[in-house]
Amino acid sequence: MKINIIGGGPAGLYFAILMMKANPVNEITVHERNGPDDTFGWGVVFSGRTLRNLRDADAESHAQITRQFEAWDNVDVVRGDEKISVRGNSFSGVSRLQLLKILQRRAQQLGVAILFHSEINDIESRRADCDLLVGADGINSTVRQRFAEHFGPTLSVRSNRYIWYGTNQLFHGLTLTFRENEAGIFSAHSYKFNQTTSTFIVECDPQTWEQAELTTMNEADTRSYIEQVFAPDLQGHPLLSNNSKWINFILVKNARWAFDNVVLLGDAMHTAHFSIGSGTKLAIEDAIALAESFQRHDDVSEALLEFESNRKPYIEEYQAAALESMLWFENIRQYLHLDPIRLAYSLMMRSGRVDPEELKKRDAAFVAAYEAAIS
Ligand SMILES: Cc1cc2nc3c(=O)[nH]c(=O)nc-3n(C[C@H](O)[C@H](O)[C@H](O)COP(=O)(O)OP(=O)(O)OC[C@H]3O[C@@H](n4cnc5c(N)ncnc54)[C@H](O)[C@@H]3O)c2cc1C
């Protein structure tokens, strides 16, 4: 089969790997507009379950990924001088750049052609030239836009602003920190992803953003302003920028995921708010699901049909949970009056994916402390 993949992010590379492993006769080309080292972002988060999926799908790249990762089991909620830790959560952080390097090498070893600095705008000619065209071209997908009448996309731009930094301050566990100043409330989502670096995402509502005059502040002043807001947490470590800019989260959905010989994957197809840390996980698991459908069907339209009908209910459920999580952070002003233990409990329950029994299994001492606090 001849496959053209637009986009060499996690979704496109992982799908290329699996399809080449399944049949080395496949002719697979990945078109990536950037160079091999030009990625953005810091660390990505995987749950224990996602790592097991990676191991089952491709043990070689899994072994390399897990050699470089940082694992933890605690979610820490920090407010004022207090920190509440909730244990029993299995997660790990990996550098996005390292992950992409591992996937690029693995794909090339298997015989995938990765064409860097190859931006594709003429989607139609790529489609005509192959059996399967994969739009793994991220949140602003050109493939999705070109065939919008088939995919029926909806894009909802959310009101909160967020910015993606790194720092050499190490946050051992997923650390959610809330700081208030005269402008309003800032939330930070942070976790270490290697031995020297943590991801540090800062989020605030539009009122806070305007009151703090971040609308007009340049990059250096923005960084130093945010360093001051989180001074007790960063403990003198600067924030590291990688072309970091304030953005609004965009919730992407598509009524249909495939038509004829074209399919979307990853962020091009759906997004889930970063507060449940799953953009990369979902992108890779999409690739696994699509490759599995091709193991069961030689016919492209049958494989695409099965992929969409099997995977869509899972993604819809996931997006619903991510929506609840996003709304919790958008409405943070409603929760900050809570004392730290109630705040931590509310945070753990926000997406509806963890119920009280599950939370008790993860950390019975935390649940006991919460029950004592509310009785
Ligand atoms: C600013 C920013 C920072 C982020 N940082 C992190 C982070 O630190 N950790 C994390 O977990 N998630 C991060 N994310 C989210 C994460 O990137 C995605 O959820 C995840 O990478 C989705 O994988 P993907 O393969 O679907 O898309 P992407 O990773 O976005 O990959 C799509 C690829 O397609 C390429 N492309 C796009 N259009 C074309 C074209 N026309 N021709 C050729 N190539 C094209 C792009 O260059 C890109 O490499 C970040 C997102 C943003 C916007």
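Residues numbered from 1 in each chain as written. Predicted model: local features only at pLDDT ≥ 70, side-chain atom pairs only at ≥ 80, totals over all residues. Heavy atoms only, no water.

K.L.:
I'd love a proper account of the overall build of the protein chain, names of residues and values included.
P.N.:
Across its full length, the protein chain carries 15 helices and 17 strands. A compact globule built from 375 residues should have a C-alpha radius of gyration of about 21 Å, and the protein chain, at 21 Å, falls within 12% of that. Along the first, second and third principal axes, the C-alpha atoms of the protein chain reach 60 × 45 × 40 Å. A separation threshold of at least 6 residues defines the contact pool for the protein chain, and within that pool the share at least 24 residues apart is 73%. A total of about 16100 Å² of accessible surface is found on the protein chain, and carbon and sulfur atoms cover 47% of it. The protein chain carries 37 positive and 49 negative side-chain charges, and their two centres are separated by 3 Å. (Helix = DSSP H or I, 4+ residues; strand = E, 2+ residues; numbered from the N terminus. Rg over C-alpha atoms; globule rule 2.2 N^0.38 Å. Contact = heavy atoms within 4.5 Å. Areas by Shrake-Rupley, 256 points an atom, 1.4 Å probe, with all protein chains shown as cover. Lys, Arg positive; Asp, Glu negative; His and termini not counted. Charge placed at Lys NZ, Arg CZ, Asp CG, Glu CD.)

K.L.:
Run through the sheet that holds strand E9 (residues 132-135), naming residues and quoting values.
P.N.:
The strand order across the open sheet formed by six strands is E8-E2-E1-E9-E17-E16, and the pairing between neighbours is mixed. At either margin of the open sheet sits one strand with a lone partner, and together these are strand E8 (113-115) and strand E16 (258-259). Each of strand E1 (2-6), strand E2 (27-31), E8 and E9 touches helix H1 (residues 10-22); the most contacted strand, E1, lies at about 165° to it. (Pairing = 2+ DSSP bridges. Axes fitted to C-alpha atoms, helices over the stretch in contact; angles between N-to-C directions.)

K.L.:
Give a detailed account of the layout of surface pockets, specifying residues and quantitative values.
P.N.:
The rolling of a water-molecule-sized probe over the atoms marks out the regions of remaining empty space. Here the second largest pocket is characterised by a volume of approximately 270 Å³. In terms of lining residues, the second largest pocket is bounded by 16 residues, among which Val 78, Lys 83, Phe 171, Thr 175 and Asp 233 are the most central. For the lining of the second largest pocket, the secondary-structure elements that each account for two or more residues are strand E5 (75-79), strand E11 (174-181) and helix H10 (231-234). Element by element, the count of residues in the lining of the second largest pocket is highest for E11, at three residues. By residue class, the composition of the lining of the second largest pocket is four nonpolar, seven polar and five charged. (1 Å grid on protein atoms, 1.4 Å probe; cavity = no way out; pocket = protein on both sides within 12 Å on 5 of 7 lines; lining within 4 Å. Points joined across faces, edges and corners; volume = space filled by probe spheres on them. Nonpolar A, V, L, I, M, F, W, Y, C, P; charged D, E, K, R; others polar.)

K.L.:
Give a detailed account of empty space enclosed by the protein, specifying residues and quantitative values.
P.N.:
Here the structure, examined in full by the defined rule, presents one cavity of 30 Å³ or more. Mapped by element, the contributors of at least two residues to the lining of the largest cavity are strand E10 (153-167) and helix H12 (300-330). If you tally residues by element for the lining of the largest cavity, the top one is E10, at four residues. Taken together, the residues of the lining of the largest cavity break down into four nonpolar, two polar and four charged.

K.L.:
Break down the site of the ligand for me, citing the residues and quoting the values.
P.N.:
In the neighbourhood of the ligand, 29 residues make up the surrounding shell, with Glu 32, Trp 42, Gly 43, Arg 96 and Trp 164 lying closest. Backbone polar atom of Gly 43 to a nitrogen atom of the ligand: 2.6 Å apart, as the coordinates give it. Here an oxygen atom of the ligand sits 2.9 Å away from a polar atom, N or O, in the main chain of Asp 267. When isolated, the ligand has an accessible area of 1000 Å², and the protein chains bury 87% of it. Elements with a minimum of two residues in the shell around the ligand: H1, strand E3 (43-47) and helix H11 (279-296). Considering every element that reaches the shell around the ligand, the biggest residue donor is H11, with three residues. Taken together, the residues of the shell around the ligand sort by class into ten nonpolar, 13 polar and six charged. (Near = heavy atom within 4 Å. Polar contact = N/O pair within 3.5 Å; in protein donor to acceptor, adjacent residues only side chain to side chain.)

K.L.:
Give a description of the sheet that holds strand E7 (residues 91-95) that names residues and reports values.
P.N.:
Backbone-to-backbone hydrogen bonds join strands into a sheet, with any given pair of strands oriented parallel or antiparallel. On the basis of which strands lie adjacent, the open sheet formed by three strands has the order E3-E7-E4 and antiparallel pairing. This sheet does not close on itself; its edge strands, each paired only once, are E3 and strand E4 (70-72). Across the sheet, the axes of successive neighbouring strands diverge by a mean angle of 25°, strand direction being ignored. Taken together, the three bridges between E4 and E7 define a ladder with antiparallel strand orientation. From the neighbouring strand, Glu 70 faces E7, where its bridge partner is Gly 93.

K.L.:
Which residues make up the side chain of Ser 275, and what are the values?
P.N.:
Here Ser 275 lies in the loop between strand E17 (262-264) and H11. Side-chain polar atoms of Ser 275 contact the side chain of Ser 325, separated by 2.6 Å. Ignoring any residue separated from it by four or fewer positions in sequence, one finds Ser 275 in contact with His 189, Ser 325, Met 326, Phe 329 and Arg 350.

K.L.:
Describe the packing of helix H3 (residues 59-67) against helix H4 (residues 96-110), and please don't skip the residues or the numbers.
P.N.:
At a minimum axis distance of 10 Å, the contact between H3 and H4 shows a crossing angle of 155°. Judged on the interaxial angle alone, H4 and H3 are roughly antiparallel. Here H3 and H4 pass one another in a crossing that is right-handed. For the pair H3 and H4, contact is made by Glu 60, Ser 61, Gln 64 and Ile 65 and by Leu 99, Ile 102, Leu 103, Arg 105 and Arg 106, respectively. Here the residues of the contact of H3 with H4 sort into four nonpolar, two polar and three charged. (Parallel < 35°, antiparallel > 145°, perpendicular 65-115°, else oblique. Left-handed = near helix turned anticlockwise from the far one by under 90°.)

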